Amino acid sequence: MKYQKYYKRFLLLLAMSFTAISSVSQVSFDPEYGCLNVIDVSFAQGIGEYGDECITANYLHEVFINEQFAIGGGIGYSHHEKYEFSAIPVFLSTHYFFLDKRFSPFVNLRLGGFGMFGKKNVDTNQKYSISSKKTDFNLFVSPVIGVKVHITPDIGLMATLSDGTYLVNAFDTQKNDYKNKFIHDLGISIGVYFQIKGW
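Notes on the structure follow. Fair warning: this is a prediction, and the values are worked out from it, not measured in the lab. Residue positions within a chain follow its written sequence, with the count starting from 1. Residues qualify for local features only when their pLDDT is at least 70, as the model is predicted, and side-chain atom pairs are given and counted only at 80 or more; totals for whole chains, interfaces and linings, by contrast, use all residues. Hydrogen atoms and water are omitted, and side-chain values are computed over all heavy atoms in the structure.

On to the overall build of the chain, then. Here a strand is any run of E in DSSP of at least two residues, a helix any run of H or I of at least four, and the numbering for each starts at the N terminus. Counting its secondary structure elements, the chain contains one helix and eight strands. The N-to-C order of helical and strand elements in the chain reads α-β-β-β-β-β-β-β-β. Three labels apply to residues, based on accessible area from a 1.4 Å probe with only protein chains included: buried if under 20% of the type maximum, exposed if over 50%, partly exposed otherwise in between. Within the chain, the fraction of its 199 residues that count as buried is 45%. Considering only intrachain contacts with a sequence separation of at least 6, the fraction spanning at least 24 residues in the chain is 65%. Surface accessibility follows the Shrake-Rupley procedure with a 1.4 Å probe radius. Residue values consider only the protein chains on display as shielding. Carbon together with sulfur atoms contributes 62% to the accessible area of the chain, which is approximately 10000 Å² in total. Any pair of residues with heavy atoms lying within 4.5 Å of one another is described as a contacting pair.

Put into structure tokens, the structure is as follows:
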């Protein structure tokens, strides 16, 4: 797999990050001190018949409802290796943190649409080809599970496992025609989150 060397480096970086901050103490988010801002990078392997390898980056900006729940929006970038296109998803995002503590597992849902550009594998009537015709709506949805850890009261790290799902008009090899299909990728990511006063 093209991204295999990146996975190994990514996992090593993740392990080193959590080891380095194991002695730092912080209780929880302070919802009165700015919004939740997250920047993450993900390397993903395709899952399912139409899945594809991709690399993604996202920025999320959310408002705290309380110490454990935040809602807002985000924007991202992804490049899909076999389909040979790039996408810019724009989405609503919400986080729920199960524990009001320094370490906490959480769930995150991202739901919206995406713009597509840089298409190369188009109308070739082969697997991983996409049609030049657009879908009615370029749906994007990504359920995420992960864990967060504070480094300081305002900065921390997140590690996640996500299913990035894009609705595209892809070539169906069984029906020998282009059909609307969900392409999935299972990604692991590391992110940095921070709060800025007044945001």
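Still more ground to cover, so stick around.
Let us look at the pattern of salt bridges. Throughout this description, the term salt bridge denotes a Lys or Arg side-chain nitrogen within 4 Å of a carboxyl oxygen of Asp or Glu. Under the criterion given, the structure shown has two salt bridges. Measuring nitrogen to oxygen at the nearest pair gives 3.0 Å for the salt bridge that ties arginine 110 to aspartate 40. Placement of arginine 110 in strand β5 (residues 103-117) and of aspartate 40 in strand β1 (residues 36-47) is noted, with a sequence separation of 70 residues between them. Since its relative accessible area comes to 6%, aspartate 40 is described here as buried.

Turning our attention to the packing of aromatic side chains. Ring pairs (aromatic) are described by centroid distance and by the angle formed between their planes. Two rings belonging to Phe, Tyr or Trp (six-membered ring only in the last case) form a pair when the distance between their centres is within 6.5 Å. Interplanar angles under 30 degrees mark stacking, angles over 60 mark edge-to-face geometry, and anything in between is tilted. Scanning the model with the defined rule gives nine aromatic pairs in all. Site record: aromatic cluster; members linked through ring pairs are Phe91, Phe114, Phe140 and Tyr166.

Positive phi is not limited to glycine here, since glutamate 84 has a value of about 60°. With respect to the helices and strands, glutamate 84 occurs in the loop between β3 (69-80) and β4 (85-97). By relative accessible area, glutamate 84 is classed as partly exposed at 33%. With phi around 55°, asparagine 125 is a residue other than glycine that occupies positive phi space. In this structure, asparagine 125 sits in the loop between β5 and β6 (139-150).

A few words now on empty space enclosed by the protein. Residues are called lining when one of their atoms sits within 4 Å of a cavity or pocket point, these points coming from a 1 Å grid over the protein atoms alone, where a cavity is a set in which a 1.4 Å probe fits but cannot get out and a pocket is an open set with protein on both sides within 12 Å along at least five of seven lines. Grid points are joined across faces, edges and corners, and a volume is the space filled by probe spheres set on the points. The final tally for this structure, using the stated rule, is two cavities of 30 Å³ or more. Counted as a void, the largest cavity has a volume near 150 Å³. Looking at the largest cavity, it is lined by 15 residues, and the ones nearest its centre are Thr56, Asn58, Arg110, Ser142 and Ser162. Top element by residues in the lining of the largest cavity is strand β7 (residues 155-172). It accounts for four residues. Tallied by class, the residues present in the lining of the largest cavity amount to four nonpolar, eight polar and three charged. The space that makes up the second largest cavity amounts to roughly 40 Å³. Lining the second largest cavity we find Val38, Asp40, His95, Phe106, Asn108, Arg110, Val144, Met158, Thr160, Ser189, Ile190 and Gly191. Among the elements of the structure, β1, β5, β7 and β8 (177-194) are those that each provide at least two residues to the lining of the second largest cavity. Classifying every residue of the lining of the second largest cavity gives five nonpolar, five polar and two charged. Each residue gets one of three labels, nonpolar for Ala, Val, Leu, Ile, Met, Phe, Trp, Tyr, Cys and Pro, charged for Asp, Glu, Lys and Arg, and polar for the others, Gly among them.

By themselves, these are just geometric observations and shouldn't be taken as functional.
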